[in-house]
Amino acid sequence: MSIWILSVTALVALIITFALGFPVIPILRRLKFGQTILSIGPAWHKDKKQGTPTMGGFMFIIGIIAAFSLGLFMLWRSEMLSFYSTGKLNFFNAISGFLMAVSFGFMGFLDDWIKVFKKRNEGLSVNQKLFLQVFIVAAYFISRIIAGDLNTTINLPFIGAFDFWYFYYVIMGLGILYIVNAVNITDGIDGLCGSVTVVYCAAFMVICGILTLSELSVLAAATAGACIGFLIWNFNPAKVFMGDTGSLFLGGIVCALGIGASCEVVMVIAAAVYIWEALTVLIQTTYFKITGGKRLFKMTPIHHSFEIRGWKETKIVGVFSLIGALFGLAAVLLVIMEVL
């Protein structure tokens, strides 16, 4: 895999995403597409973040589309992109995964749109979200089957590959739903979701390079670069939020990289920060119901608990990103040991 191609892809995504901030953010302000802060969240969020433009995810989605297309073109020109035999399947897995992410992003856009016009932090209903998400996941797997990808095995490191037959689609379908929503939950403070996604994509850029999955490696590079470009506008104090448009899209990318590379277990390791964020919500809710109103954490998702303890948003982002980087490194080392 050419480092030059990955570098150009990431740089183009970064520049386009950053540049889009100049026209897009003023337009969002003019249209009054401001975020409505959830009343049950930290009180200071409502004071400081209320009205900050949302739907900024469009910036990096456009940047990723442009850079990913350029990266695929460079792969084709360098004869590293093949439309024959297994190369065709690798190409399709990358494209179908990307389209799944775009579909999740569109669902997020509908959710943001409803929130903006109703001026509250509730968009699509729970049932509507669940229906759309299940439909997107089903379409993703059906498209892979039609393309000829009938693999239903999950590789368990140091143990071996196990064929789960049709249960594979149930297991991974539930996994996609969990991770996509976990990424969405992680988008709770300035720069957190974008920063964690940068380190996740950096890890998978290396992993896909090791496994010679060039198309997915390019997608990871484009996403990492675009997230860095967005973070320039999204770091505390944020001038724009990604909204569900962006966070659900990134959730789709996280799953597209892990499942597309047939690294389901490795994906879980690299996505540890997202998974823990969502798990704290589930633990808190369950504990609250069992104990009749008691709370295990001060507030969930867990990043809010650290806020209440007095941590600044920048510190939380830095620590969570470092944790994500350590788990990402563990995922890379695991793949290297498996390959060797």
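Here the structure is a predicted model, which means the values were calculated and not measured.

What counts as what
Residues numbered from 1 in each chain as written. Predicted model: local features only at pLDDT ≥ 70, side-chain atom pairs only at ≥ 80, totals over all residues. Heavy atoms only, no water. Helix = DSSP H or I, 4+ residues; strand = E, 2+ residues; numbered from the N terminus. Rg over C-alpha atoms; globule rule 2.2 N^0.38 Å. Buried < 20%, exposed > 50% of the residue type's maximum accessible area, 1.4 Å probe, protein only. Core = buried A, V, L, I, M, F, W, Y, C linked by side-chain atoms within 4.5 Å. Contact = heavy atoms within 4.5 Å. Pairing = 2+ DSSP bridges. Polar contact = N/O pair within 3.5 Å; in protein donor to acceptor, adjacent residues only side chain to side chain. Salt bridge = Lys/Arg side-chain N within 4 Å of Asp/Glu carboxyl O. Phe/Tyr/Trp six-rings, centres within 6.5 Å; stacked < 30°, edge-to-face > 60°. Lys NZ or Arg CZ within 6 Å of the ring centre and 35° of its normal. Axes fitted to C-alpha atoms, helices over the stretch in contact; angles between N-to-C directions. Parallel < 35°, antiparallel > 145°, perpendicular 65-115°, else oblique. Left-handed = near helix turned anticlockwise from the far one by under 90°. Expected span 1.5 Å × (residues − 1). 1 Å grid on protein atoms, 1.4 Å probe; cavity = no way out; pocket = protein on both sides within 12 Å on 5 of 7 lines; lining within 4 Å. Points joined across faces, edges and corners; volume = space filled by probe spheres on them. Patch = residues over 30% accessible without salt bridge, like charges linked within 9 Å, V, L, I, M, F, W, Y side chains within 5 Å. Areas by Shrake-Rupley, 256 points an atom, 1.4 Å probe, with all protein chains shown as cover.

**Digging into the overall build of the protein**
Part 1 of the argument: Counting secondary structure elements, the protein contains 13 helices and 2 strands.
Part 2 of the argument: Over its C-alpha atoms the protein spans a radius of gyration of 19 Å, differing by no more than 12% from the 20 Å that the globule rule assigns to 340 residues.
Part 3 of the argument: Each principal axis of the C-alpha atoms in the protein carries an extent, and together these give about 55 × 50 × 35 Å.
Part 4 of the argument: Looking at the 340 residues of the protein, the share that counts as buried comes to 49%.

**Examining the nonpolar core**
Part 1 of the argument: Counting residues in hydrophobic clusters, the biggest one holds 92 residues, and the most contacted among them are Phe60, Ile176, Tyr200, Phe204, Phe249 and Leu257.
Part 2 of the argument: The greatest single-element share of this core, amounting to 12 residues, is contributed by helix H8 (residues 214-234).
Part 3 of the argument: Those residues in contact with Tyr200, other than ones at most four positions away along the chain, are Val254, Leu257, Gly258, Met267, Ala270, Ala271 and Tyr274.

**Topic: the environment of His304**
Part 1 of the argument: Secondary-structure assignment places His304 in helix H12 (residues 302-308).
Part 2 of the argument: Expressed as a C-alpha distance, the spacing of His304 and Ile189, which sit 115 residues apart in the sequence, is 8.3 Å.

**Side note on the pairing of strand S2 (residues 160-163)**
Part 1 of the argument: Relative to S2, strand S1 (residues 153-156) is paired through 4 bridges, and the arrangement is antiparallel. Among the inter-strand pairings, Asn155 is bridged to a residue of S2, identified as Ala161.

**Here we look at the side chain of Asn234**
Part 1 of the argument: Among the secondary structure elements, Asn234 is positioned in helix H8.
Part 2 of the argument: Of the polar contacts made by the side chain of Asn234, one reaches the backbone nitrogen of Gly191; its length is 3.0 Å.
Part 3 of the argument: At a separation of 2.8 Å, a polar atom in the side chain of Asn234 contacts the main-chain carbonyl oxygen of Val240.

**Some points on the pattern of salt bridges**
Part 1 of the argument: This structure, assessed with the given rule, holds 4 salt bridges.
Part 2 of the argument: Here Asp149 and Arg144 are joined by a salt bridge, their closest N and O atoms 2.7 Å apart.
Part 3 of the argument: Given the relative accessible area of 7%, Asp149 is considered buried.
Part 4 of the argument: Residues joined by salt bridges that share partners form a network here, namely Asp111, Lys115, Lys129 and Asp244.

**Some thoughts on the packing of aromatic side chains**
Part 1 of the argument: Within the structure shown, the criterion is met by 20 aromatic pairs.
Part 2 of the argument: Members of the aromatic cluster, each reached through a chain of ring pairs, are Phe60, Phe68, Phe98, Phe230 and Phe249.
Part 3 of the argument: Lying over the aromatic face of Trp311, Lys315 brings its terminal NZ or CZ to 4.2 Å of the ring centre.

**Regarding the packing of helix H1 (residues 3-30) against helix H3 (residues 57-77)**
Part 1 of the argument: Here H1 crosses H3 at 155 degrees, and the two axes come no closer than 8 Å. Here H1 is positioned roughly antiparallel relative to H3, judged by the angle of their axes. Considering only the axes of H1 and H3, their crossing is right-handed. Contact residues: Trp4, Ile5, Val8, Thr9, Val12, Ala13, Ile16, Thr17, Leu20, Gly21, Val24 and Ile25 in H1; Met59, Phe60, Ile62, Gly63, Ala66, Ala67, Leu70, Gly71, Met74 and Leu75 in H3.

**Concerning the packing of helix H7 (residues 192-210) against H8**
Part 1 of the argument: Orientation of H7 relative to H8, taken along the N-to-C sense of each, is 160 degrees, at an axis distance of 8 Å. Accordingly, the angle class assigned to the pair H7 and H8 is roughly antiparallel. The element H7 and its partner H8 pack so that their crossing is left-handed. Contacts between H7 and H8 involve Gly194, Ser195, Thr197, Val198, Cys201, Phe204, Met205, Cys208 and Gly209 on the former and, on the latter, Leu216, Ser217, Ala220, Ala221, Thr223, Ala224, Cys227, Ile228 and Leu231.

**What about H8?**
Part 1 of the argument: Given a rise of 1.5 Å per residue, 21 residues ought to cover 30 Å, and the 29 Å separating the end C-alpha atoms of H8 matches this to within 8%.
Part 2 of the argument: Across the 21 residues that make up H8, a large majority, 19, are buried.

**Concerning empty space enclosed by the protein**
Part 1 of the argument: With the rule as written, the count across this model stands at 2 cavities of 30 Å³ or more.
Part 2 of the argument: Taken together, Phe141, Arg144, Ile145, Asp149, Asn151, Tyr168 and Tyr169 make up the full set of residues lining the second largest cavity.
Part 3 of the argument: Within the residue set of the lining of the second largest cavity, elements represented by two or more residues are helix H5 (126-146) and helix H6 (167-186).
Part 4 of the argument: It is H5 that contributes the most residues to the lining of the second largest cavity, 3 residues altogether.

**A closer look at a nonpolar patch on the surface**
Part 1 of the argument: Side chains of Phe158, Ile159, Phe162, Val206, Ile210, Leu329, Leu333, Ile336, Met337, Val339 and Leu340 sit close together on the surface and give an oily, nonpolar patch of about 1100 Å² of accessible area.
Part 2 of the argument: Listed by contribution, the elements that provide at least two residues to the nonpolar patch are H7 and helix H13 (313-339).
Part 3 of the argument: A per-element tally of the nonpolar patch places H13 first, with 5 residues.
Part 4 of the argument: Among the structural elements, Leu333 can be located in helix H13.
Part 5 of the argument: For Leu333, a relative accessible area of 43% translates into the label partly exposed.

**What to know about unusual backbone geometry**
Part 1 of the argument: A cis geometry characterises the amide bond from Asn236 onward to Pro237, with omega recorded as -5 degrees.
Part 2 of the argument: Among the secondary structure elements, Pro237 is positioned in the loop between H8 and helix H9 (243-260).
Part 3 of the argument: Of note, the amide linkage connecting Thr300 to Pro301 takes the cis form, showing an omega dihedral of 0 degrees.
Part 4 of the argument: Here Pro301 shows up in the loop between helix H11 (272-291) and H12.
Part 5 of the argument: Positive phi, normally seen in glycine, also occurs at Phe158, with a value near 70 degrees.
Part 6 of the argument: Mapped onto the fold, Phe158 is located in the loop between S1 and S2.
Part 7 of the argument: Looking at Phe158, the relative accessible area reads 59%, which means it is exposed.

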